[in-house]
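Below are the chains, spelled out letter by letter.
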Amino acid sequence: MQSSKAYTGVIKAYGQAAMYEEALVMFNTMNEMGSKPTIETYNTLIYMFSRGGLYKKTKAILLKMGESEVARDRDSFNGVIEGYRPDGQFKKLLRLMLRWKREDLVLMSRHLRLSKVFTALQVE
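Residues numbered from 1 in each chain as written. Predicted model: local features only at pLDDT ≥ 70, side-chain atom pairs only at ≥ 80, totals over all residues. Heavy atoms only, no water.

Asker: What exactly am I supposed to notice about the packing of aromatic side chains here?
Answerer: Here the distance between the centres and the angle between the planes together describe a pair of aromatic rings. Scanning all chains against the criterion turns up 2 aromatic pairs. Here Phe27 and Tyr42 contribute two aromatic rings whose centre-to-centre distance is 5.7 Å and whose plane-to-plane angle is 65°, an arrangement assigned as edge-to-face. Pair noted here: Phe27 is in helix H2 (residues 20-32) and Tyr42 is in helix H3 (residues 39-51), with a separation of 15 residues, a long-range link. Under the relative-accessibility criterion, Phe27 is labelled buried at 0%. (Phe/Tyr/Trp six-rings, centres within 6.5 Å; stacked < 30°, edge-to-face > 60°. Helix = DSSP H or I, 4+ residues; strand = E, 2+ residues; numbered from the N terminus. Buried < 20%, exposed > 50% of the residue type's maximum accessible area, 1.4 Å probe, protein only.)

Asker: Would you take a moment to explain the layout of surface pockets for this structure?
Answerer: Space left empty within the atom packing is revealed by a probe, the size of a water molecule, rolled over the atoms. Approximately 250 Å³ is the volume attributed to the largest pocket. Lining the largest pocket are Tyr55, Lys56, Thr58, Lys59, Leu62, Val80, Tyr84, Lys92, Arg95, Leu96 and Arg99. Elements represented by at least two residues in the lining of the largest pocket include exactly helix H4 (55-67), helix H5 (74-84) and helix H6 (90-102). No other element matches H4, which puts 5 residues into the lining of the largest pocket. Here the lining of the largest pocket is composed, by residue class, of 5 nonpolar, 1 polar and 5 charged. (1 Å grid on protein atoms, 1.4 Å probe; cavity = no way out; pocket = protein on both sides within 12 Å on 5 of 7 lines; lining within 4 Å. Points joined across faces, edges and corners; volume = space filled by probe spheres on them. Nonpolar A, V, L, I, M, F, W, Y, C, P; charged D, E, K, R; others polar.)

Asker: What's the story with a positive patch on the surface in this structure? I'm lost.
Answerer: Together, Lys56, Lys91, Lys92 and Arg95 make up a positively charged patch on the protein surface. The element that contributes the greatest number of residues to the positive patch is H6, accounting for 3 residues. Structurally, the position occupied by Lys92 is in helix H6. For Lys92, a relative accessible area of 40% translates into the label partly exposed. (Patch = residues over 30% accessible without salt bridge, like charges linked within 9 Å, V, L, I, M, F, W, Y side chains within 5 Å. Areas by Shrake-Rupley, 256 points an atom, 1.4 Å probe, with all protein chains shown as cover. Salt bridge = Lys/Arg side-chain N within 4 Å of Asp/Glu carboxyl O. Lys, Arg positive; Asp, Glu negative; His and termini not counted. Charge placed at Lys NZ, Arg CZ, Asp CG, Glu CD.)

Below, the structure written as structure tokens:
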């Protein structure tokens, strides 16, 4: 069994080459082989799919993450922001922020870089 770090490295390489399906296959193989994804694994996938405009895949990874023992963190949320910002999908981003807030995730203060949210929303 390979380490989670090794699998994550391969997933990241696939993402950098825009080989999204291969990255997802590697993620599934990782799970099948009994290697548990880490926060780094999930965040790598979130950034990769989000930047690629693959919002349904981003959402699917967020849901899998929610089902696992790995808690979302600041980087998870920032990865989502990175994807929504270029396409101007601010309403979707705001809905996501509100849903996460309802789920009692800490979105403000030390756990979220507010400047990044303001930049994403183009608020000065």
